[in-house]
Amino acid sequence: MSDPSPLEKEIRRLIAVGGPMPIARYMSLCLTHPQHGYYVTRDPFGAGGDFTTAPEVSQIFGELLGLWALSVWRMMGEPDAVNLIELGPGRGTMMRDALRAAKVLPKFRQALSVHLVEISPALESLQRHNLGDADVPLTWHRHLIEVPEGPAIILANEYLDALPVHQVVKQADGWHERVIGLNANGDFALGLAPDALPQFDRFMPRKIKEAPVGAIFEWRNDIHAFDIARQVRGGGAALLIDYGHVESDVGETLQSVNEHAFADPLSAPGMADLTAHVDFQIFGQAAASMGAVVQGPVTQAKFLRELGIDARAEALRRGATPEQAANITAAVTRLTEGGRTGMGEMFKVIAICDPKLGALPGFVPA
Ligand SMILES: C[S@@+](CC[C@H](N)C(=O)[O-])C[C@H]1O[C@@H](n2cnc3c(N)ncnc32)[C@H](O)[C@@H]1O
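Residues numbered from 1 in each chain as written. Predicted model: local features only at pLDDT ≥ 70, side-chain atom pairs only at ≥ 80, totals over all residues. Heavy atoms only, no water.

A. Region of the structure containing the overall build of the protein. On a plain count of helices and strands, the protein comes out with 14 helices and 16 strands. Computed over C-alpha atoms, the radius of gyration of the protein comes to 21 Å, within 12% of the 21 Å expected from 2.2 N^0.38 for 366 residues, which places it in the range of a compact globule. Along the first, second and third principal axes, the C-alpha atoms of the protein reach 65 × 45 × 40 Å. The proportion of buried residues among the 366 residues of the protein is 52%. Across the protein, the fraction of contacts at a sequence separation of at least 24, relative to all contacts at a separation of at least 6, is 76%. Counting only carbon and sulfur atoms, one obtains 54% of the accessible surface of the protein, whose full area is about 16,400 Å². Of the side chains in the protein, 32 bear a positive and 43 a negative charge, and the two mean positions are spaced by 4 Å. (Helix = DSSP H or I, 4+ residues; strand = E, 2+ residues; numbered from the N terminus. Rg over C-alpha atoms; globule rule 2.2 N^0.38 Å. Buried < 20%, exposed > 50% of the residue type's maximum accessible area, 1.4 Å probe, protein only. Contact = heavy atoms within 4.5 Å. Areas by Shrake-Rupley, 256 points an atom, 1.4 Å probe, with all protein chains shown as cover. Lys, Arg positive; Asp, Glu negative; His and termini not counted. Charge placed at Lys NZ, Arg CZ, Asp CG, Glu CD.)

Below, the structure written as structure tokens:
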């Protein structure tokens, strides 16, 4: 057996000192530990990395989001200054493509201050490099609450799924936090906190309240939805794209991905990506409780089609070689197709906005 990594040693130490830890704490350490976290130590994107995201599949994705932001800015009454915020910008590809598309309206570009919320110094460096020639003010933050107040448009792709998730398991006396401890061999092992969480399901949807003993439910801290709703309260909108379920449900979705393959979440902490599906119902309810209006979720396929992905692909193909044209078609298929390999149905798009705004592009009822 190979020597444990520094992060594994650190997690063992924390468990030895404080006892078994909630899965959310383990996930947070694995992904964002300041020295050894997965996102802090590497660039995980693309064919040579662990996974590929929509902005890395095609430039059209970021371009359409840039045009979406432009339309929202118009609906906001074209304020002279607007914060364009991206949460978890990865390589910076989506923002680069969005800013290029925004060039169609110089007045919009001039109004922009771009704020990138990125926990990883390594990815921040990559974003600085990739956005180096953007002629708009760029500022980096570790947390959304550090972004100045003011009219805001927020974009986030595959950000929520990377945020720590708790698991609870239904027992006869209520819901118990699932924790990670050490078994007799000294290996990481799942267990349950001894006491039920008081009144855990009091405000939960009926499906969760009525779940059978043994059911697992995953939840995230509402603070993420609260922060986003607060940021758009002064006029503005947030657009979040992620995989997940439209209605809250029981089930375990925590997964570990390494080199485009699934791995055991408890093995090699910090060396693989850990994610869990987004519960859009709970997320939307939390945002709405802060006075924001929720639009969607709709599928990524529907959203991109309404924003004109097919016309944009056709325009790009006109100036392309046959090989490039085939790549454009394949990329659009990947972004919009259903099933297990396509992103079109699995990924959903939700908007959180100021109540003064009407139906946002991509969410207009048929
Ligand atoms: C799955 S990647 C998605 C990257 C990019 N949006 C894309 O679609 O290619 C998640 C991104 O969120 C960042 N991230 C993860 N946890 C974060 C946190 N708690 N606060 C801020 N950024 C975080 C990661 O470093 C990374 O940039």
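Still to come is the rest of the account.
B. Main features of the nonpolar core. Membership of the largest hydrophobic core comes to 50 residues, with the highest contact counts inside it found for Trp68, Leu84, Ile153, Leu239, Phe303, Leu360 and Phe363. The element that contributes the greatest number of residues to this core is helix 5 (residues 59-75), accounting for 9 residues. Here Phe363 is in contact with Trp68, Leu239, Gln295, Gly296, Val298, Phe303, Glu306, Val349, Ile350 and Ala351, once residues within four sequence places are set aside. Val232, Phe280, Ala286 and Ile352 belong to the second largest nonpolar core, which has 25 residues in total. (Core = buried A, V, L, I, M, F, W, Y, C linked by side-chain atoms within 4.5 Å.)

C. Just the sheet that holds strand 12 (residues 261-263), in detail. Overall, antiparallel pairing links the 3 strands, which are arranged 12-11-13 in an open sheet. Whereas interior strands pair on both sides, the edge strands pair on one side only; in this sheet they are strand 12 and strand 13 (273-275). Across the sheet, the mean angle from the axis of one strand to that of its neighbour is 40°, orientation sign disregarded. With 3 bridges connecting them, strand 11 (residues 255-258) and strand 12 associate as antiparallel partners. Looking at the pairing, Ser256 lines up with Ala263 of strand 12. (Pairing = 2+ DSSP bridges. Axes fitted to C-alpha atoms, helices over the stretch in contact; angles between N-to-C directions.)

D. Here's a closer look at the pairing of strand 11. In the sheet, strand 11 pairs with strand 13 via 3 bridges, with the strands oriented antiparallel. Within the sheet, the bridge partner assigned to Ser256 lies in strand 13 and is Leu274. Here strand 11 folds back onto strand 12 in antiparallel fashion, the turn holding 2 residues, of which Glu259 has a positive phi close to 50°.

E. Looking closely at the site of the ligand. Taken together, 19 residues surround the ligand, and among them Thr53, Gly88, Gly90, Glu118 and Asn157 come closest. Between an oxygen atom of the ligand and a main-chain N or O atom of Gly90, the distance comes to 3.0 Å. Glu118 places a side-chain nitrogen or oxygen 2.5 Å from an oxygen atom of the ligand. Burial of the ligand by the surrounding chains reaches 95%, relative to a free accessible area of 590 Å². Here the residues of the shell around the ligand are counted per class, giving 10 nonpolar, 6 polar and 3 charged. (Near = heavy atom within 4 Å. Polar contact = N/O pair within 3.5 Å; in protein donor to acceptor, adjacent residues only side chain to side chain. Nonpolar A, V, L, I, M, F, W, Y, C, P; charged D, E, K, R; others polar.)

F. Representation of the packing of aromatic side chains in the model. For the structure on display, the rule yields 10 aromatic pairs. Taking the centre distance of 6.3 Å and the plane angle of 65° together, the rings of Phe200 and Phe217 count as edge-to-face. Note that Phe200 is positioned in the loop between strand 8 (188-192) and helix 9 (206-209) and Phe217 in strand 9 (residues 216-219), a separation of 17 residues in sequence. In terms of burial, Phe200 and Phe217 fall into one category: buried. Measuring from ring centre to ring centre gives 5.5 Å for Phe303 and Phe363, while their planes differ by 50°; the resulting arrangement is tilted. Placement of Phe303 in helix 12 (residues 300-306) and of Phe363 in the segment after strand 16 (347-353) is noted, with a sequence separation of 60 residues between them. (Phe/Tyr/Trp six-rings, centres within 6.5 Å; stacked < 30°, edge-to-face > 60°.)

G. Up close: the packing of helix 13 (residues 309-318) against helix 14 (residues 322-336). Two numbers describe how helix 13 lies on helix 14: the axes approach to 9 Å, and their chain directions differ by 165°. By the angle between their axes, helix 13 is roughly antiparallel relative to helix 14. Crossing of helix 13 against helix 14: the hand is right-handed. Residue-level inspection shows Ile309, Asp310, Ala313, Leu316 and Arg317 of helix 13 in contact with helix 14, the latter providing Ala325, Ile328, Thr329, Val332, Leu335 and Thr336. Tallied by class, residues from the contact of helix 13 with helix 14 come to 7 nonpolar, 2 polar and 2 charged. (Parallel < 35°, antiparallel > 145°, perpendicular 65-115°, else oblique. Left-handed = near helix turned anticlockwise from the far one by under 90°.)

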